[in-house]
There are 2 protein chains.
Amino acid sequence: MEFKSNETIASQIVTYMKKEIFGGRYQAGQKIPPIREFAAFCSVNPNTVAKVYAILETEGLIYTDSTLGKFVNPNKEFLKKKRREYLQSEMAAFKEELKKCGVDEEEFLCLTKQE
Amino acid sequence: MEFKSNETIASQIVTYMKKEIFGGRYQAGQKIPPIREFAAFCSVNPNTVAKVYAILETEGLIYTDSTLGKFVNPNKEFLKKKRREYLQSEMAAFKEELKKCGVDEEEFLCLTKQE
DNA sequence: TGCCTTGTATTATTCGAGTAATACAAGCTA
DNA sequence: TAGCTTGTATTACTCGAATAATACAAGGCA
């Protein structure tokens, strides 16, 4: 896995995992990779993944069944709600940033239609 | 000025300045704040701002007239082109990220229309 | 001329993200 | 029971972003 240097690795992995969950590649209730395994996959220290998982757990996206491992929250409605909130907040932030570049509604529409 | 902790300060200031320029709050040819002054404004070390300005200069957005200071590139067409490239690449990246969350064209349209 | 502002550069230091290497507890399973 | 896998925790270390404190060169200006 590749990481940018201007953002913390943990932050990038958190974002990655959210997309995996919201994108349905980790389904509700499904087990996610053990810390050590995922750390190896990312070529990253287990402590870093532990921190990532802790953040995801705080947000309620995953839970811990020690000693079976970590699992995606089985509540599909909750995940749906979280996904919607995430997308809406991302969209709002994005539009806000574009506005700072002087992008109005018309130009925004034009941009969304590109290729 | 406020900074997030999961991204380097320099990177955040680079983004900030690009938006100031692309948004026209620093016009083509206009002088931008001296390193020391802008560092004070951001409550940041002058070295950090120097690095930021060096990055912006590498991208051709600003130039140096020592010893008068730093100025926005006076070529309006160039700035327009850079702005367009920036916006298009931001939009492409954004759509790509949403796609990973399982957002299709229809949902994307719906999201853009929110609030 | 002499001061001020400007950018540029350097050295040493601080601080926190990430690493490395363990160790421990608890439960599943053969 | 014994071993494996799981999460959790701890300590020491590395490395780079950012800071702190200067110093220097060059041009504008009073």
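Keep in mind that this is a model prediction, so the values were computed, not measured.

Enquirer: Please clarify how the side chain of Gln 12 of chain A should be interpreted in this entry.
Expert: Residues and elements named next belong to chain A. Locating Gln 12 in the fold gives a position in helix H1 (residues 9–22). Judged by its relative accessible area of 12%, Gln 12 falls in the buried class. Discounting chain neighbours no more than four positions away, the residues touching Gln 12 are Glu 2, Phe 3, Lys 4 and Glu 7.

Enquirer: Explain the packing of aromatic side chains to me, please; I cannot follow it from the model alone.
Expert: Note on aromatic pairs: each is described by the distance of the centres and the angle between the planes. All names here are of chain A. Applying the stated criterion across every chain, the model contains eleven aromatic pairs over all chains. Between Tyr 63 and Phe 71 the ring centres are 5.7 Å apart and the planes differ by 25°, which places this aromatic pair in the stacked class. A relative accessible area of 33% places Tyr 63 in the partly exposed class. Residue Phe 71 is classed as buried on the basis of its relative accessible area, which comes to 13%. An aromatic cluster is built from Tyr 16, Phe 38, Phe 41 and Tyr 53, whose rings are joined through pairwise contacts.

Enquirer: I tried to follow the pattern of salt bridges on my own but got confused; where do I start?
Expert: Side chains carrying opposite charge are able to pair once their charged atoms draw close together. What the rule picks out here adds up to 16 salt bridges over all chains. Taking the shortest distance from any N to any O, the salt bridge between Arg 25 of chain A and Glu 20 of chain A comes out at 3.1 Å. Glu 97 of chain A serves as the salt-bridge partner of Lys 19 of chain B, at 2.3 Å between the closest nitrogen and oxygen. Pair noted here: Lys 19 of chain B is in helix H1 (residues 9–22) and Glu 97 of chain A is in helix H4 (residues 76–100), and the two residues belong to different chains. Three or more residues joined by partner-sharing salt bridges are found here, namely Lys 19 of chain A together with Glu 97 and Lys 100 of chain B.

Enquirer: When you look at the protein's contact with DNA strand D in this model, what are you seeing that I'm missing?
Expert: Around DNA strand D, the structure places 19 residues, and the nearest of them are Arg 36 and Lys 70 of chain A together with Ile 9, Asn 45 and Thr 48 of chain B. For DNA strand D, the fraction of atoms within 4 Å of the protein that belong to sugar or phosphate moieties is 63%. A distance of 3.2 Å separates a phosphate oxygen of DNA strand D from a polar backbone atom of Ile 35 of chain A. Arg 36 of chain A has a polar side-chain atom sitting 2.9 Å from a base oxygen of DNA strand D. Elements with a minimum of two residues in the surface near DNA strand D: helix H2 (35–42) and strand E2 (69–72) of chain A together with H1 and helix H3 (46–58) of chain B.

Enquirer: It is not clear to me how the relation of the copies chain A and chain B should be interpreted in this structure. Could you clarify?
Expert: The operation relating the pair of chain copies consists of a rotation about an axis and a translation along that axis. Screw-axis analysis of chain A against chain B gives a translation of 0.0 Å along the axis, an RMSD of 0.1 Å, and a rotation angle of 180°. What the superposition gives is, in effect, a two-fold axis relating one chain to the other. Of every C-alpha in chain A, the one belonging to Glu 7 of chain A sits nearest the axis of rotation, 2.1 Å from it. The fraction of interface residues of chain A whose copies in chain B are also interface residues reaches 100%, indicating that both copies meet through the same surface.

Enquirer: How should I be thinking about H1 of chain B in this particular structure?
Expert: Each α-helix winds once per 3.6 residues, and so residues spaced three or four apart point in a common direction. The end-to-end C-alpha distance of H1 of chain B, which contains 14 residues, comes to 20 Å, matching closely the 20 Å that a straight helix rising 1.5 Å per residue would cover. Among the 14 residues that make up H1 of chain B, eleven are buried, leaving the element largely enclosed by the rest of the structure. Within H1 of chain B, the full set of buried residues consists of Ala 10, Ser 11, Gln 12, Ile 13, Val 14, Met 17, Lys 18, Lys 19, Glu 20, Ile 21 and Phe 22 of chain B. Packing partners of the buried residues in H1 of chain B comprise H4 of chain A together with helix H2 (35–42), H3, strand E1 (62–65), strand E2 (69–72) and helix H4 (76–100) of chain B. Once H1 of chain B ends, the next one or two residues include Gly 24 of chain B, with phi positive near 85°.

Enquirer: Please explain the interface of chain A and chain B as it appears in this structure.
Expert: The accessible area lost on association of the parts is a frequent measure of interface size. Counting residues at the interface gives 29 residues for chain A, matched by 29 residues for chain B. Summing both partners gives a buried area of about 2600 Å² for chain A against chain B, and 59% of it is carried by carbon and sulfur. Its largest share of buried area at the contact with chain B, chain A owes to Met 91, Phe 94 and Cys 101 of chain A, together 23% of the area lost on that side. The salt bridge involving Arg 83 of chain A is made with Glu 107 of chain B; its shortest N-O contact spans 2.8 Å. Applying the counting criterion to the chain A and chain B interface returns 18 residue pairs in polar contact (both at pLDDT 80 or more). Secondary structure elements with two or more residues in the side of chain A that touches chain B: H1, H4 and helix H5 (105–112) of chain A. By residue number, the principal contributor to the side of chain A that touches chain B is H4 of chain A, which donates twelve residues. Of the residues contributing to the side of chain A that touches chain B, the split by class is eleven nonpolar, nine polar and nine charged.

What counts as what
- Residues numbered from 1 in each chain as written.
- Chains lettered and ligands numbered in written order.
- Predicted model: local features only at pLDDT ≥ 70, side-chain atom pairs only at ≥ 80, totals over all residues.
- Heavy atoms only, no water.
- Helix = DSSP H or I, 4+ residues; strand = E, 2+ residues; numbered from the N terminus.
- Buried < 20%, exposed > 50% of the residue type's maximum accessible area, 1.4 Å probe, protein only.
- Contact = heavy atoms within 4.5 Å.
- Phe/Tyr/Trp six-rings, centres within 6.5 Å; stacked < 30°, edge-to-face > 60°.
- Salt bridge = Lys/Arg side-chain N within 4 Å of Asp/Glu carboxyl O.
- Near = heavy atom within 4 Å.
- Polar contact = N/O pair within 3.5 Å; in protein donor to acceptor, adjacent residues only side chain to side chain.
- Least-squares fit on C-alpha atoms with pLDDT ≥ 70 in both.
- Expected span 1.5 Å × (residues − 1).
- Buried area = accessible area lost by both parts, 1.4 Å probe.
- Nonpolar A, V, L, I, M, F, W, Y, C, P; charged D, E, K, R; others polar.

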